[in-house]
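Now for the letters of each chain:
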Amino acid sequence: MGIRLGCIADDFTGATDLANNLVRAGMRVVQLIDVPPAGAEQAVDADAVVIALKSRTVPAADAVETSLRALAWLRSLGAEQVYFKYCSTFDSTPAGNIGPVTEALMDALGTDFTVATPAFPDNGRTVFKGHLFVGDVLLGDSGMRHHPLTPMTDSNLVSVLGAQTTRAVGLIDHTVVAGGAEAIRARIDALREDGVGIAVVDAVSNDDLLRLGTAVQGLALVTAGSGLAIGLPANWGFKPSRAAAQLPPPGGHRAIVSGSVSVATNGQVLRYLRSGRPAFSVDPLRVAAGEDVVGQALAFAESHLDVGPVLVYSTESADTVRTVQGRLGAAEAGELVERTLARVAQGLVERGVRRLVVAGGETSGAVVQALGVTGLRIGPQIDPGVPWCAATLPGGDTLHITLKSGNFGGPDFFTSSFALLDEEAA
């Protein structure tokens, strides 16, 4: 029997976020880093497979190409439904990548209709009358308006997605969703008759996502943040199970690597610094000037690992980020930080770190690739959308790692994550 659900995530933190929700709903989930080589299909034993890509901010054509490769691999496993996962803040630009990838997947699957909803109420992401809210604030008024790569200034998802696609974009609003699965299906039929190819769906609660999950049973493709994942496993008879989230016992030193520039992560870094715990700040301008910042960071960390956790971060205010981008260029500044933090993470693991928190989607992608991690076992949830995972390092050791989206997690995430891991092992 093939897998039930095949998932394509456009960054690594989003992939673990999605896998976490599926595991909590009772599915056995394997998360893979990038598209596996041909012939690896036989090694997969799971109800759902999540392929983590690094395609959120690459050129749209590249995002389409790698997403189609992922789709082909998932279809070779017999996936009954495909899930394209993007960020709960709909990170994108007028050129993509959400719209182009969605259309390419629709074409490849031969389907004329899909849904789109980044709603994740557990993390304060809700959609009402097609507008995305971050907490009580419209997306365009939130901290995302200052994002250095994908500034989000328009909260109307129908217009945002419409600018990225050739298909007509419609809306399934909250009054329809409140009517249940049959009402949603009726609205889908009406939109299809009107030539609409993609429908943004309102969701302000988990109950809305559960109703939508039932309604989209049978659709070849769904697109969403990770929230919709709570409503899909029941379509195949799965029920929540704590056993699905058990990991091996943790050990080794503790460390945090943070490259996110989100408001939430800035707050988490500030809270950590105020606690007086050891931290090292990575200055991209010093790296660009040729200083051995990696060596400095590792020397600092090595002297504090015994009393850790140790934080190595390049997380700054929007104004500071713009200053660095002005000197180095936006793309080069981001890649420089990712490469630097990935090398730091390698060095930390070489020095015995086996419990590692990574903050930021792009940073997470760079770190797991640098560490040679090819797959993750999903464990217990720390905060909504953020689980601990276990990876087997190339040398055979187990690394407990969490890949945190920049926007996720409570103020004390950097310390509470390790506390939870210790509690689960007790």
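Residues numbered from 1 in each chain as written. Predicted model: local features only at pLDDT ≥ 70, side-chain atom pairs only at ≥ 80, totals over all residues. Heavy atoms only, no water.

Named according to an unreviewed UniProt entry, the protein chain is 3-oxo-tetronate kinase originating from Streptomyces chartreusis NRRL 3882. The record in UniProt for the protein chain states the following under Function (unreviewed entry): "Catalyzes the ATP-dependent phosphorylation of 3-oxo-tetronate to 3-oxo-tetronate 4-phosphate." According to UniProt, the comment filed for the protein chain under the heading Sequence similarities (unreviewed entry) is "Belongs to the four-carbon acid sugar kinase family." (UniProt positions renumbered as here; feature names shortened; annotations may be inferred.)

## Side note on the domain arrangement of the protein chain
Here the protein chain is partitioned into domain 1 (5–241) and domain 2 (246–425). Averaged C-alpha coordinates put domain 1 and domain 2 at centres separated by 27 Å. Between domain 1 and domain 2, the contact holds 28 residues from the first and 32 residues from the second. Between domain 1 and domain 2, the buried area comes to about 2300 Å², and carbon and sulfur atoms account for 60% of it. When the buried area of domain 1 at its contact with domain 2 is split by residue, Thr13, Ile33 and Lys54 rank highest and sum to 23% of it. Where domain 1 touches domain 2, the interface holds 2 salt bridges. As a salt-bridge pair, Lys54 and Glu362 come within 3.2 Å of each other at their nearest N and O atoms. Where domain 1 meets domain 2, there are 9 residue pairs in polar contact (both at pLDDT 80 or more). Elements with a minimum of two residues in the side of domain 1 that touches domain 2: helix 1 (12–24) and strand 2 (29–33). When residues of the side of domain 1 that touches domain 2 are assigned to their parent elements, the largest contribution, 9 residues, is made by helix 1. (Domains from an automatic or database assignment. Contact = heavy atoms within 4.5 Å. Buried area = accessible area lost by both parts, 1.4 Å probe. Salt bridge = Lys/Arg side-chain N within 4 Å of Asp/Glu carboxyl O. Polar contact = N/O pair within 3.5 Å; in protein donor to acceptor, adjacent residues only side chain to side chain. Helix = DSSP H or I, 4+ residues; strand = E, 2+ residues; numbered from the N terminus.)

## What about the sheet that holds strand 8 (residues 137–138)?
Here 3 strands make up an open sheet; going across it, the order is 6-7-8 and the pairing antiparallel. Either end of the sheet is taken by a strand with one partner, and the two such strands are strand 6 (125–128) and strand 8. Strand direction decides the pairing type here: strand 7 (residues 131–134) and strand 8, joined by 2 bridges, are antiparallel. Residue pairing for strand 8: Val134 is matched across the bridge by Val137. (Pairing = 2+ DSSP bridges.)

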